[in-house]
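Structural characterization, general
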Amino acid sequence: MRKLVTCCFKGPVTPTNQCLSKSQGSVGETTEDPSAGNAENLNSEHCGRISYQRLVLELKPFVPQRSDGNMNNSRGSVASNIIVNHDFSRGLDSWHPNCCHAFVVSAEPGRNHVVVTNRKEPWQGLEQDISGKVTVGPNYRVCARVGISGPIQSSAVVTATLRLEFRHAPTTYMFIGKSSVSKDEWKTLEGMFQLSTLPDRIVFYLEGPSPGVDLLIESIVISCPYMIKTDDTSIRCFAPGDENIILNPNFEDGINNWSGRGCKIVLHDSMGDGKVMPKSGKFFASATERRQIWNGIQQEITSRVQRKLAYEVTAIVRIFGNNVTSAAVQATLWVQTPDLREQYIGIGNSQATDKDWVQLQGKFLINASPSKVVISLEGPPPGTDILLNSLVVKHAEKVPPSPPPVIENPAFGVNIITNSNLYDGTTQWFPLGGCTLSVQSGSPHILPPMARDSLGDHEPLSGRYILVTNRTQTWMGPAQMITDKLQLYLTYQVSAWVRIGSGASGPQTVNVTLKVDDQWLNGVQVEVISDTWHEIGGSFRIEKKPDKVMVCVQGPASGVDVMLAGLQIFPVDRQARFRRLKRQTDKIRKRDVILKFSGSDLSSLVGALVEVRQTQNSFPIGACVNRTNIDNEDFVNFFTKHFNWAVFGNELKWYWTEPQQGNLKYKDADDILTLCQSHNMEVRGHCIFWEVENMVQSWVKSLNANDLRTAVQNRLNGLLTRYKGKFKHYDVNNEMLHGSFYQDHLGKDIRASMFKTANQLDPTATLFVNDYNVENGSDIRSSPEKYIEHILDLQEQGAPVGGVGIQGHIDSPVAPIVCSALDKLGILGLPIWFTELDVSSVNEYVRADDLEVMLREVFAHPAVEGVMLWGFWELFTFRKNSHLVNAEGDVNEAGRRFLSLKQEWLSDAHGLIDGQGQIEFRGFPGSYEVDIVGVSTKVSKTFVVDKGESPLVVSITL
C-alpha cells in the first residue's frame, strides 16, 4: 500500500531528506499531488538558503515478496524506523531528557522540532530506550537532523551515542557518529553501529554541546537493511531469508543498478538471430567488449550485506561469441575495508557453454565491516561475452544438521568379494575388455600386513591367484560387481597381493579401482616390479546410493600380465581400533608425576585432599588462519581458545608476499603473526617456495636462470631475515614429489641449497619437507618409500632436513593404512607432523568419525609430534564439507567431536597426601592447577609437566 506523508519544513536549509537515502527507498517520486517535490532537484546547491518548501515523501514499507524470491521494488525497499515518534509529532512521547529539560516547538502544522535546554553537562541530551528493537549482528544506520542555539559564537559538536547497560557488568558506551553544527543551520548527523553482544538495556541518545547551549533536534531515523513489523506492531530488524538483495535481478528495469567491470553491458531480449532467448523472464544482459578475463558484469551491494552472515548466490549464465563453446564463469566478491584493504572472494564457478543456460551456485561470508562490496561475474577468455539472465543473493538458510547414518548389521571384517580365494575358478569374476583370466597357484598364503592389522587372526589365503593375459590396454583386468554388497557411509578397507609378469620395461603401476555408475573413483595404487608380490592397500566409502558398482584391477602397460591374489574388501570396525589406541596413547603420551609438598608443618599435610586438573595439553594442535579471518571476532575466539599453533593459509607464500617483482607485501602476514604472538601461539612458516609450476607467479616463471637464482636468494634473505626467530618451522620447498619447477630451471642442487641457506639465515627454525597423499596409498609419486628416498637424497646433499610434513588431505581414512605409512617414515628418526589435515563428508557425523580416526592415530603414534588442521570454519577451508564450525559460528558434530577429544586428552587426578608428603599420578604434558584442601584452608597452586619418559618430581611449597 502506498502512503503519502506531507512534511512542511521551516528553517534555514531546504531539507534534502538525507535520512532516507535512495538505497532505502524511493524519495520524491511523481505522485498525484501536484506539489510533490523531485528528488533530482534536492541537491547540495540548496544548502544555506533560508526558504520554506513543501516536500512529499513516498514511503514504501518493507513487505517480503516470496512469489519469485525477489524484492518487489527493484530500486530497493525503505528500511522502517525503529525510533518511536521520530519527528516529535506526538510531542515528547517515548523521549526523555537526560538530567535536563526539553519541549517541542511547532513552527507550523506538521512541522516540529524539540529543544533540549537547561543543560549543565555536555553529556546531557535527549534519549530513547530501544531495547528489544535491535539485535546482535546487523549494521544499523543512524541519521538525525540537529541544530544548536544559545550563547555560542562558533560551532558545536553533536554526538549520537548508545548506552549499553548490563545486569552483571559495568555500563558501556558506544560512539555512533557526530556532526559539527553552527547556529542558524540544520545539519545531518550520520553514523552506523553493530552489536556484538546483547545488553540488558540499550538507550540511544544525542549529546555533546557545551553546557548552556541548547540542542535542537528535528528528526531521528535508525534503520537496518531488513526490517519487519511484528504482531505487536513493533519494528524489529531481522536476518534476511528468502529476499534477494540484488536490485533489478532479472533486468526488468533495464540495466539500472548494473555496471560493467572494465567492459560494456548491454540489455537483450534475444541474441544470435533469436537462437539465444532468456531462460526466464523477458530480458538478459551481456558483458561485452571484454579485454581481460576479469572483465564482467557487476553490482554494488554494500548497504545490503552484513558481516558474519552467510549468503547463497545463484546465477543463470551462458557465454556467447569468439568461437568459444565452453568456459568457466566465476562469481567473485570484491570487498574493501575502511582502511582500504582489498579482498577478492571466490564465490563459485560453473562451466558455461554457448548452447544453453547453466546454473552457477556458491556461498560467501564477509568477516570485516566493509566500506564497499561489489559482486561480479568474470572468467571466460577475452572477447567472449558473459550472458546473465538472473542473479539471486540471499541469506543462506541454516541447513538442519545431518542425522547419523543408520547402518544395519555392518559385518565388520567380512570380505564382500565373492570367490576371493578362487576355489571356484573365476566364477563371479569377468575380464574387463578383451583380456583373458585364468587361475594359477603360487601366491602368498598370509594376509598382507595392513589387512592383518585390521582383521587380526585370520585363516590363511588359498595360495591361488588370477593371471590376466592378453592385455592390450592399460585399463584391462579382472572385475567383479559388488553393488548389492555395499552399505552407504561404511568405510571399506581394500587389500590384496599384486604382481606383474616378466618382460615389463621397468616398474608398473597397479590400481584397484571402483566404477560407481559412470564415474571412476580414484583407487588405491602401488608401484610394482616384476617377480615380486606387492601389498596394495587403501580405502573408500560411498555416500550416495548407486545403481551399480564394479571393482577392477588394472594399470600396467599393455602387454604386461597382471596377477591378483586374495583381494579383500571389508568394512572396518573403527571403535575396536579406538580402544586399542587409547591404551597406546596413555603409554606413549603420559608421564609419571610425583607432587612433593613441603611446608613449615609437614605433618599437618598428611591426609589432606589433593585435586589435580590439567588446563592445557602442550601437544601441538594447530589450525590454518587467513588474514581475513582475524577480522571476525567469533573466529578468533574459537581459534585462540582451542588451538596452540598456527599456520598461514596463503599470506607467507611467495606469490602473496611478492606478486610483482620488487612489490613486497608483508602486512597481512605481520597482522596474523601479531595476533598469534599476543596469544602465545607458535607458528609454522608455510612456505618459502612451492615447487609446483602452476603455483609459481608469472614474473618468476619469466626469469632466465641467472635472474631466477638471484630472485630465489633474495626471497630467502628477505623472508628469513625479516622473521628470524619468529617461525618455529618452515616448509622450505612445498610438494617436491609433485613438482619440479626450480629443479628443472636451476638444477638438482637447488633444493638442498634452499635448505642450507634457510638454516644459515635462521638456525632456530626446524626445516621441513611437505607433501600430500603420503599416508593413504592412493599415489605412487608420494608413497612412504618414495618420500623416504627423497629425504635421504636431500640429506646426502647436505640439506638440514629437520622434519617430515604429511599434509593429510584424506578421505575415508583407515587407521592401519595411515599407521603403516607412519611406521615406515618413522625409521628416519625425524619428527613427523600432519601439516594440513582435513577430512571431508557431507554427513557431519561421518566427518566426525573420520576426524577422530586421524586424531587418535596421530596422538597414539610416537613418531608424530604435532598436527595442524587446514581450516575449521565453513567457507574458509581447503575442501568443501571439511569444516568443524558452520559459517555463522555454530559448532557442528565434527567440531563437537574435536572438542570432546581435546577434553579427553586433559588429565585429572585426586588423592590424599601420604606420609612422605607426596601424591603420584600419570598425566599428559602441559599446564596444571592443583588444590590442597586441609581441615580449615584450601591452597591452590599451578605447575607444568614437560614431555619426558622418566618420572617427574614437582616440588610444591605451601
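Just above, that's the structure.
Along every chain, residues carry numbers that run from 1 in the direction the sequence is written. Since the coordinates come from a predicted model, pLDDT governs what is reported: local features require at least 70, and pairs of side-chain atoms require 80 or more to be given and counted, while whole-chain, interface and lining totals use all residues. Hydrogen atoms and water are omitted, and side-chain values are computed over all heavy atoms in the structure.

1. Some remarks on unusual backbone geometry
This is how it is decided: The helix count covers DSSP runs of H or I at least four residues long, the strand count covers runs of E at least two residues long, and both are numbered beginning at the N terminus. Each residue gets one of three labels from its accessible area relative to the maximum for its type: buried under 20%, exposed over 50%, partly exposed in between, using a 1.4 Å probe on protein chains only.
Between His686 and Cys687 the backbone carries a cis peptide bond, its omega angle lying at -10°. In this structure, Asp273 is a non-glycine residue whose phi angle is positive, near 55°. Position of Asp273 among the secondary structure elements: in the loop between strand S16 (264-268) and strand S17 (284-288). When its relative accessible area of 82% is taken as the criterion, Asp273 is described as exposed. Although it is not a glycine, Asn323 adopts a positive phi angle of roughly 60°. Residue position: Asn323 is located in the loop between strand S19 (310-320) and strand S20 (326-336).

2. What to know about the sheet that holds strand S4 (residues 101-108)
Heads up, the rule is: By this definition, two strands are paired if DSSP reports at least two bridges between them. With axes taken as lines fitted to C-alpha atoms, and helix axes fitted only over the stretch in contact, angles between N-to-C directions fall between 0 and 180 degrees.
Overall, antiparallel pairing links the five strands, which are arranged S4-S5-S12-S7-S10 in an open sheet. Strands at the two margins of the open sheet, each flanked by one partner only, are S4 and strand S10 (187-193). Each strand of the sheet is rotated relative to its neighbour by a mean of 35°, with strand direction disregarded. For strand S5 (residues 111-117) and strand S12 (residues 214-223), the ladder comprises three bridges, and the chain directions are antiparallel. For Val116, the partnering residue across the bridge sits in S12 and is Leu215.

3. Looking at helix H2 (residues 574-589)
Heads up, the rule is: A helix is expected to span 1.5 Å for every residue after the first. An arc is given here, and it is the one of the directions from the helix axis to the C-beta atoms. Between two residues, a contact is recorded if the distance between any of their heavy atoms is within 4.5 Å.
End to end, H2 covers 21 Å across 16 residues, agreeing with the expected 22 Å (1.5 Å per residue, within 8%). Turning to H2, its buried residues are Arg574, Arg577, Phe578, Leu581, Thr585 and Arg589. Buried residues of H2 fall within an arc of 100° about the axis and therefore sit on the same side. Counted as exposed and oriented over 90 degrees from the buried face of H2: Arg583 and Lys587. Considering only its buried residues, H2 is in contact with helix H1 (449-455), strand S35 (591-598), helix H11 (815-826), helix H12 (844-860), strand S45 (864-869) and strand S47 (918-923).

4. Quick word on the packing of helix H10 (residues 784-796) against H11
Our working definition: Orientation is classified from the angle alone, with under 35 degrees giving roughly parallel, over 145 giving roughly antiparallel, 65 to 115 giving roughly perpendicular, and any other angle giving oblique. Handedness of each helix crossing follows the sense of rotation of the near helix against the far helix: counterclockwise by less than a right angle gives left-handed, clockwise gives right-handed.
Direction vectors running N to C along H10 and H11 enclose 20°, while the axes themselves pass 9 Å from each other. On the basis of their axis angle, the class for H10 and H11 is roughly parallel. Regarding H10 and H11, the two cross each other, and that crossing is right-handed. Facing Pro784, Glu785, Tyr787 and Ile788 of H10, the residues of H11 in contact are Ala821, Lys824 and Leu825.

5. Focus on the side chain of Arg684
Under the convention used in this document: Each polar contact in these results corresponds to two N or O atoms within 3.5 Å; when the atoms are within protein, one needs to be able to donate a hydrogen and the other to accept it, and residues that are neighboring in sequence are counted only if both atoms are side-chain atoms.
On the secondary structure map, Arg684 appears in strand S39 (residues 682-690). In terms of polar contacts, Arg684 uses its side chain to reach the side chain of His729, at 3.0 Å. In contact with Arg684, other than residues within four places in its own chain, are Trp645, Ala646, Val647, Phe648, Phe727, His729, Asp731, Phe768, Trp833, Thr835 and Met868.

6. Comments concerning the pattern of salt bridges
How we decide: Counted as salt bridges are all cases of a side-chain nitrogen of Lys or Arg within 4 Å of a carboxyl oxygen of Asp or Glu.
Summed over the entire model, instances satisfying the criterion amount to 50 salt bridges. Across the pair Arg261 and Glu378 runs a salt bridge whose closest N-O atoms are separated by 2.9 Å. In this pair, Arg261 sits in strand S15 (residues 259-261) while Glu378 sits in strand S23 (residues 372-378), placing the two residues 117 residues apart along the sequence. Pair check on accessibility: Arg261 and Glu378 agree, each one buried. Asp850 is paired through a salt bridge with Arg574; the nearest N and O atoms lie 2.7 Å apart. With a gap of 276 residues between them, Asp850 in helix H12 and Arg574 in helix H2 connect regions that are remote in the sequence. Asp850 gets classed as buried once you look at its relative accessible area, which sits at 0%. Judged by its relative accessible area of 13%, Arg574 is buried.

Taken by themselves, the reported measurements are silent on function.
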